[in-house]
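Now for the letters of each chain:
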Amino acid sequence: MILLMISAERLQMVELVNYRFDHRDSLVKLLNNPNVEKWLLSVPSPYTYKDADYFIANSIFDINIPDVRRFAIETGGIHIGGIGLRIKQNYYAEVGYWIGEEYWNCGYGSEALKQIMEIAFEDLSLVRLSAIVFEGNYASEKILLKCGFEYEGTMEKGRVKNGVPVDCKVYAKVI
Ligand SMILES: CC(C)(COP(=O)(O)OP(=O)(O)OC[C@H]1O[C@@H](n2cnc3c(N)ncnc32)[C@H](O)[C@@H]1OP(=O)(O)O)[C@@H](O)C(=O)NCCC(=O)NCCS
């Protein structure tokens, strides 16, 4: 019985929705977590209500800016994470994503990535989607590989996190 319930939960679909101001409580709750924040390039820590308000306001405003697309990830109406595209020259985009720790390993990250790939390749007609992964982030590498991304190489000290240069792996899906 328990096994059946777990499989049903794993099958629950995710939805990518535009950010709304009622995502502020969940943003603060989910992002105020060093296990999530440490893998993200530019998330304030601690993450405050002011940070959430600023982010949501920018996301709503960014809807009208063609080179940035940001979505909250929801399942059954519950906010569980975020995903976004930064589009360059109308052909390429870099994808970034996170899922709240309490929802990890349920398939949500992979499903959200699949959906944003459809947006990138089908709706926006992009030809390349890349992701920059800090060395050691095996869960992120796993979902990229599961979604058909290929490892392209490592940028030594490719990004600076909290003032420390970190090695980054580049993954990309090219069509
Ligand atoms: C990366 C992240 C989005 C994955 O989300 P998720 O919803 O847990 O992803 P999924 O459940 O779809 O898949 C996770 C996969 O990683 C695997 N995994 C988890 N931890 C792992 C580890 N330490 N080593 C290897 N694989 C691992 C899981 O087994 C699962 O693979 P499976 O489906 O084959 O069993 C989530 O861990 C996260 O938000 N991390 C913090 C923020 C982050 O890293 N963002 C990405 C920056 S590049």
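Residues numbered from 1 in each chain as written. Predicted model: local features only at pLDDT ≥ 70, side-chain atom pairs only at ≥ 80, totals over all residues.

Student: What am I meant to see in the sheet that holds strand 6 (residues 150–161) here?
Tutor: The pairing of strands in a sheet comes from backbone hydrogen bonds and takes either a parallel or an antiparallel form. Strand order in the open sheet formed by seven strands is 1-2-3-4-5-7-6, and the pairing between neighbours is mixed. Here the strands that pair on one side only, and so sit at the sheet edges, are strand 1 (15–17) and strand 6. Ignoring which end each strand starts from, the neighbouring axes of this sheet average 30 degrees apart. (Pairing = 2+ DSSP bridges. Helix = DSSP H or I, 4+ residues; strand = E, 2+ residues; numbered from the N terminus. Axes fitted to C-alpha atoms, helices over the stretch in contact; angles between N-to-C directions.)

Student: What is the right way to look at helix 6 (residues 138–146) in this model?
Tutor: Helical geometry: 3.6 residues make up each α-helical turn, so side chains three or four residues apart lie on a common side. Those residues of helix 6 that fall on the buried side of the exposure criterion are S140, I143 and L144. The buried residues of helix 6 occupy an angular sector of 100 degrees when the element is viewed end-on, so they sit on one face. Along its buried surface, helix 6 packs onto helix 5 (108–123), strand 5 (128–134) and strand 7 (164–174). Positive phi appears at G148, one or two residues downstream of helix 6, with a value of about 90 degrees. (Buried ≥ 20, exposed ≤ 12 C-beta atoms within 10 Å, placed from the backbone. Arc of directions from axis to C-beta. Contact = placed C-beta atoms within 7 Å.)

Student: I keep staring at the site of the ligand and nothing clicks. Help me out?
Tutor: Contacts to the ligand come from 21 residues, most closely from W39, G109, S110, Y138 and K142. Where the shell around the ligand is concerned, the elements lending two or more residues are strand 4 (92–99), helix 5, strand 5 and helix 6. Tallying contributions element by element places helix 6 first for the shell around the ligand, with five residues. Across the shell around the ligand, the residue classes break down as 14 nonpolar, six polar and one charged. (Near = placed C-beta within 6 Å. Nonpolar A, V, L, I, M, F, W, Y, C, P; charged D, E, K, R; others polar.)

Student: What is the right way to read the environment of F121 from this model?
Tutor: One can find F121 in helix 5. Its 16 C-beta neighbours within 10 Å are what place F121 among the partly exposed residues. Counting along the chain gives 11 residues from F121 to S110, while the straight-line C-alpha distance between them is 16 Å.

Student: Got a minute to help me understand the pairing of strand 6 in this structure?
Tutor: A regular strand places its side chains on the two faces of the sheet in alternate fashion. Summarising burial for strand 6: zero of the 12 residues are buried, a small minority. Alignment of strand 6 against strand 7, held across eight bridges, turns out to be antiparallel. Considered in strand 7, the bridge of M155 is made with C168. The loop that links strand 6 with its antiparallel partner strand 7 comprises two residues; one of these, N162, has a positive phi angle of about 50 degrees.

Student: What should I look at first to understand the pairing of strand 3 (residues 78–88) in this one?
Tutor: Relative to strand 3, strand 2 (residues 68–75) runs antiparallel, the two sharing eight bridges. Its bridge partner lying in strand 3, V68 is registered against R86. Hairpin connection from strand 2 to strand 3: two residues lie between these consecutive antiparallel strands, with G76 at a positive phi of about 55 degrees. The antiparallel pairing of strand 3 with strand 4 creates a hairpin that spans three residues between the two strands, and Q89 there sits at a positive phi of about 55 degrees.

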